[in-house]
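Take a look at the letters that make up each chain.
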Number of protein chains: 2
Amino acid sequence: MVAVACAEDVHVLEAVSDAREMANFVLIGDEAGIRKAAQEAGANISGMEIVHEPEPTLACAHAVSLVSQGKAEALMKGLVDTSIIMKAVLSKEAGMRTDRKLSHLAVFELPTYHKLLFVTDAAINIAPDLAEKKEIVQNAVEAVNNLGITSPKVAILAAKEKADPKMPVTMDAAELATMHANGGISGCILDGPLALDNAVSRESAEIKGIKSPVAGDADILMCPNIESGNILYKSLAFLAGGKNGGVVLGAKKPVILTSRADSAESKLISIILGILAGRSIA
Amino acid sequence: MVAVACAEDVHVLEAVSDAREMANFVLIGDEAGIRKAAQEAGANISGMEIVHEPEPTLACAHAVSLVSQGKAEALMKGLVDTSIIMKAVLSKEAGMRTDRKLSHLAVFELPTYHKLLFVTDAAINIAPDLAEKKEIVQNAVEAVNNLGITSPKVAILAAKEKADPKMPVTMDAAELATMHANGGISGCILDGPLALDNAVSRESAEIKGIKSPVAGDADILMCPNIESGNILYKSLAFLAGGKNGGVVLGAKKPVILTSRADSAESKLISIILGILAGRSIA
């Protein structure tokens, strides 16, 4: 089940209606508003449970409680500020919070790549330190594991392939690779630092003499800071023709935050990603 | 004229041969090695001047002197370590150095964008401060002006569109926009901070209510750090199907540094970019 907070949103109900075969939804918000928005969207919400809670903060709290009680596999944002729903997610009392950092995970289907490509973190962590990067990687790996990819290949991206004290990002990447080698990060194959070309192009890696199980075959691209993550995300979505979706990880279950600018297809992919990634996260 | 230092390189001579209609080349290096490499490459170097200087450091110094004497419009690296040729470029005695920072400028022709798209800096400046960012922008604008684009639109990229003290990159971007508004950066239309989608997609900018002369129509994308620049460069080249080339700016004339991993087409674009960008840089 997906709990939709403040569901009285035309665009969100359209996506919910598209995804109705894939999951059950409970729509929490202003009931009259929900019915009106559904009509406007041409969305089929028949058979979906509606919980009338017109006050946004309370609607968010109710949706979060469904997750913390184990009734919902994912939380979805409707017509409410991101800051309000995230406050409910992070509330210590509501019980959806974990000791993990929150992080963003995007998924892309690209005409130029041979499989799904996941990107983290394009949206939440501004300048993560080494410990935070480790948590971001673990969030992504567990979510991708839940999608059925048992040992995804993770590329820790940097501007070059060698650890260089002049580039702190490469040193962190090498540390993450060491943590992985020592068993501190599991559920994946991981290598870094890698430049993006080595991560996605076997030919490029071969020319540069890079031998890595990840080279040319990465599933997950871990970016070192929010600028590189956001720019990569946008370049894949807007210049590489990628179909995409994204979720927030690190709480008990994924949080689906679609934005008005997302296409209907992108919203649908985000919902699917949220449902699948949330199947067995603790 | 393009001065090629240590020209005894099969791949470089192949590109030089491809570009022979566009510029004159003087090939500096080991003469026998140059003739052998040209034969191996099937490169036509007939009529090109060859200067026999087998010692790499001296070959680089000679090539740089041709630029500082105003005889060459661009310098090109052959079979020599980047560090050796850049040492010659930066030598105070040789006279090719200016008081500008060196920076990298890449150009892309993309199937998904309506005009050439320039990206800076994917390769040289690791974490430029505000003053350095200004120089990087100016290098790019002057080079693009020399290509005949009189008032390129520059997007100062960040992870979001609003200046936010929690994201120092957005503050620098806003400062650069202020400098531009005050006449401190000229020859261009400039705006920032902008997220990449706003810079290249008018639709995305409209949905977000962003009014900017740059939105959806950027010529130059200025990245805030080497990781975001390098990742953007690689994503456009390897995942967005972009034809690309690149040069180093900030010395008296552009420096063309192709790498073995570049395709023949990419090397040719780099040479053309170097020749055009070097036409009237002081």
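Below is a short write-up of the structure.

Rules used throughout
- Residues numbered from 1 in each chain as written.
- Chains lettered and ligands numbered in written order.
- Predicted model: local features only at pLDDT ≥ 70, side-chain atom pairs only at ≥ 80, totals over all residues.
- Heavy atoms only, no water.
- Least-squares fit on C-alpha atoms with pLDDT ≥ 70 in both.
- Contact = heavy atoms within 4.5 Å.
- Salt bridge = Lys/Arg side-chain N within 4 Å of Asp/Glu carboxyl O.
- Helix = DSSP H or I, 4+ residues; strand = E, 2+ residues; numbered from the N terminus.
- Buried < 20%, exposed > 50% of the residue type's maximum accessible area, 1.4 Å probe, protein only.
- Phe/Tyr/Trp six-rings, centres within 6.5 Å; stacked < 30°, edge-to-face > 60°.
- 1 Å grid on protein atoms, 1.4 Å probe; cavity = no way out; pocket = protein on both sides within 12 Å on 5 of 7 lines; lining within 4 Å.
- Points joined across faces, edges and corners; volume = space filled by probe spheres on them.
- Nonpolar A, V, L, I, M, F, W, Y, C, P; charged D, E, K, R; others polar.
- Polar contact = N/O pair within 3.5 Å; in protein donor to acceptor, adjacent residues only side chain to side chain.
- Buried area = accessible area lost by both parts, 1.4 Å probe.

1. With respect to the relation of the copies chain A and chain B
For the pair chain A and chain B, the best superposition has an RMSD of 0.0 Å and corresponds to a rotation of 180° with a translation of 0.0 Å parallel to the axis. One copy is carried onto the other by what is essentially a two-fold rotation axis. Mapped onto chain B, 100% of the interface residues of chain A again fall at the interface, so both copies present the same surface.

2. Observations concerning the pattern of salt bridges
Per the counting criterion, the structure on display carries 24 salt bridges over all chains. As a salt-bridge pair, Glu142 of chain B and Arg100 of chain B come within 2.8 Å of each other at their nearest N and O atoms. Remark: Arg100 of chain B occurs in the loop between helix 4 (82-90) and strand 5 (103-109) and Glu142 of chain B occurs in helix 5 (residues 130-146); sequence separation between them is 42 residues. Across the pair Lys160 of chain B and Asp164 of chain B runs a salt bridge, and its minimum N-O distance is 2.9 Å. Since its relative accessible area comes to 15%, Asp164 of chain B is described here as buried. Taken together, the salt bridges that share partners define one network made up of Lys115, Lys153, Asp217 and Asp219 of chain A.

3. Notes on the packing of aromatic side chains
Residues and elements named next belong to chain A. Inspection of the entire model under this criterion finds two aromatic pairs over all chains. Arranged with centres 5.3 Å apart and planes meeting at 70°, the rings of Phe108 and Tyr233 form a pair that is edge-to-face. Residue Phe108 is found in strand 5 (residues 103-109), and its partner Tyr233 is found in helix 9 (residues 226-238); the two are separated by 125 residues along the sequence. The two residues Phe108 and Tyr233 agree in class, both being buried.

4. Quick look at empty space enclosed by the protein
Residues and elements named next belong to chain A. Here the structure, examined in full by the defined rule, presents one cavity of 30 Å³ or more. One number sums up the size of the largest cavity: a volume of about 30 Å³. The wall of the largest cavity is formed by Lys133, Ile156, Leu157, Val169, Asp172, Ala173, Leu176, Met222 and Pro224. Sorting elements by how many residues they give to the lining of the largest cavity places helix 6 (residues 168-181) first, with four residues. Considered class by class, the residues forming the lining of the largest cavity number seven nonpolar, no polar and two charged.

5. Observations regarding the side chain of Ser103 of chain B
Residues and elements named next belong to chain B. Within the secondary structure, Ser103 sits in strand 5. With a relative accessible area of 0%, Ser103 lands in the buried category. Side chain to side chain, Ser103 and Asn139 meet in a polar contact 3.0 Å long.

6. Thoughts on the interface of chain A and chain B
On the chain B side, the residues contacting the 36 residues of chain A number 36 residues. Carbon and sulfur atoms supply 75% of the area that chain A and chain B bury against each other, a total of about 3000 Å² over both sides. Of all residues in chain A, Glu227, Ile231 and Leu239 of chain A give up the largest surface area on contact with chain B, accounting jointly for 24% of the area buried on that side. Where chain A touches chain B, the interface holds two salt bridges. Remark: the boundary between chain A and chain B carries five residue pairs in polar contact (both at pLDDT 80 or more). Those elements that provide at least two residues to the side of chain A that touches chain B are helix 7 (196-200), helix 8 (202-207) and helix 9 of chain A. Broken down by element, the residue count for the side of chain A that touches chain B peaks at ten residues, all from helix 9 of chain A.

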